[in-house]
Each structure stands twice: as structure tokens, then as C-alpha cells.
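# Summary of the model geometry
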Amino acid sequence: MTKILTGGVGKNEAANAVKALGLDGVEVTVSSDMDAAMKLRAGQADYYLGTCHTGAGASLGVLVGLMGQPACHTFGRSVPTEEEVEALLADGKKVFGFSMDQIDAVAPLIARAAARRAA
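Small disclaimer: the values here were computed from a predicted structure and weren't measured.

For the rest of this paragraph, the subject is a nonpolar patch on the surface. Among the surface-exposed residues, Met34, Met38 and Val62 lie close enough to one another that they form a single nonpolar patch of about 240 Å² accessible area. You can see methionine 34 is positioned in helix 2 (residues 33–41). We classify methionine 34 as partly exposed; its relative accessible area is 45%.

Given below as C-alpha cells:
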């Protein structure tokens, strides 16, 4: 089971975008950033999708501080390719930030890639 946590300003929208995919073996939960960091560190969750208006600082601030920069990546306001997401997951990234206006594009990309890795 792949466990994805969502947080930030668009946490409900990001969770709904992932849930709408109906991916087998993927569980998504709305979370706070602090709770998400603790669950990721304890191995109780696999990934975090953080959202804010710009996709930069506020989407990942607490997570970068508690998880370390090597575990985190922000897309800002850009939409990555499937290959970029796959490469980031292969590199060990677990925490992703992006802007609210990109939720419908980015959240499904990350969730599908995470589901493929777990299969």
C-alpha cells in the first residue's frame, strides 16, 4: 500500500485529485505539514504533496526543515513530465511542492508514478 499525504492550502483538492484516479494500492490522506513530517520519518507514509499559491516556500517549508532538502522537490508553477517525476522518485524524493493552479495536472502524475513504483 502506497500512502500519500496532502497538505497546504490546496490539501483537499490534491487529495480529491488523487482519489479520483481510483488507483489500486494507493491511500491518500489530508494532513498537516507537521503531522506529515512525523509520519514520513516514522515510515507511516510514503509521499507528501504540498500546495501553496506559488508552489515554492510555503508548500514545503516545514518538510524541508524536518526531512532535509534531499528528500524534497518543488515544481513551483511548472508541470513536470512523467519522466521527470519518475526520475525524482528514483532519486529518493518523497516530498513534492507545487502551486494550487497545477493540482489537477501534478497530483495525478505523482500518484500514478508512485503506484507504478509500488507495483
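Following the structure, the description resumes.
Looking now at the nonpolar core. Ranked by internal contacts, the top residues of the largest apolar core, which has 24 residues, are Ile4, Val18, Leu49, Phe75, Phe96, Phe98 and Ile110. Examining the composition of this core, we find that nine residues originate from one element, helix 5 (residues 103–118), more than from any other. By size, the runner-up hydrophobic cluster in this structure holds eleven residues, among which are Leu5, Ala45, Leu63 and Ala71.

With respect to the helices and strands, threonine 51 occurs in strand 3 (residues 47–52). At a separation of 2.8 Å, a polar atom in the side chain of threonine 51 contacts the main-chain amide nitrogen of glycine 10.

With that out of the way, let us pick up the pattern of salt bridges. Enumeration according to the criterion identifies four salt bridges in this entry. Its salt-bridge partner being arginine 116, residue glutamate 86 comes within 2.5 Å of it at the nearest N-O pair. In this pair, glutamate 86 is assigned in helix 4 (residues 82–90) and arginine 116 in helix 5, connecting sequence segments 30 residues apart. Overall, the relative accessible area of 38% leaves arginine 116 in the partly exposed class.

Below, the discussion takes up helix 4. Buried within helix 4 are the following residues: Val85, Leu88 and Leu89. Down the axis of helix 4, the smallest arc covering the buried residues is 100°, so these residues share one side. For helix 4, exposure combined with an orientation more than 90 degrees from the buried face picks out Glu83 and Ala90. At its buried positions, helix 4 is contacted by strand 3, strand 4 (72–76), strand 5 (95–99) and helix 5. A positive phi of about 95° marks glycine 92, the residue just after helix 4.

Rules behind the numbers
- Residues numbered from 1 in each chain as written.
- Predicted model: local features only at pLDDT ≥ 70, side-chain atom pairs only at ≥ 80, totals over all residues.
- Heavy atoms only, no water.
- Patch = residues over 30% accessible without salt bridge, like charges linked within 9 Å, V, L, I, M, F, W, Y side chains within 5 Å.
- Areas by Shrake-Rupley, 256 points an atom, 1.4 Å probe, with all protein chains shown as cover.
- Salt bridge = Lys/Arg side-chain N within 4 Å of Asp/Glu carboxyl O.
- Helix = DSSP H or I, 4+ residues; strand = E, 2+ residues; numbered from the N terminus.
- Buried < 20%, exposed > 50% of the residue type's maximum accessible area, 1.4 Å probe, protein only.
- Core = buried A, V, L, I, M, F, W, Y, C linked by side-chain atoms within 4.5 Å.
- Polar contact = N/O pair within 3.5 Å; in protein donor to acceptor, adjacent residues only side chain to side chain.
- Arc of directions from axis to C-beta.
- Contact = heavy atoms within 4.5 Å.

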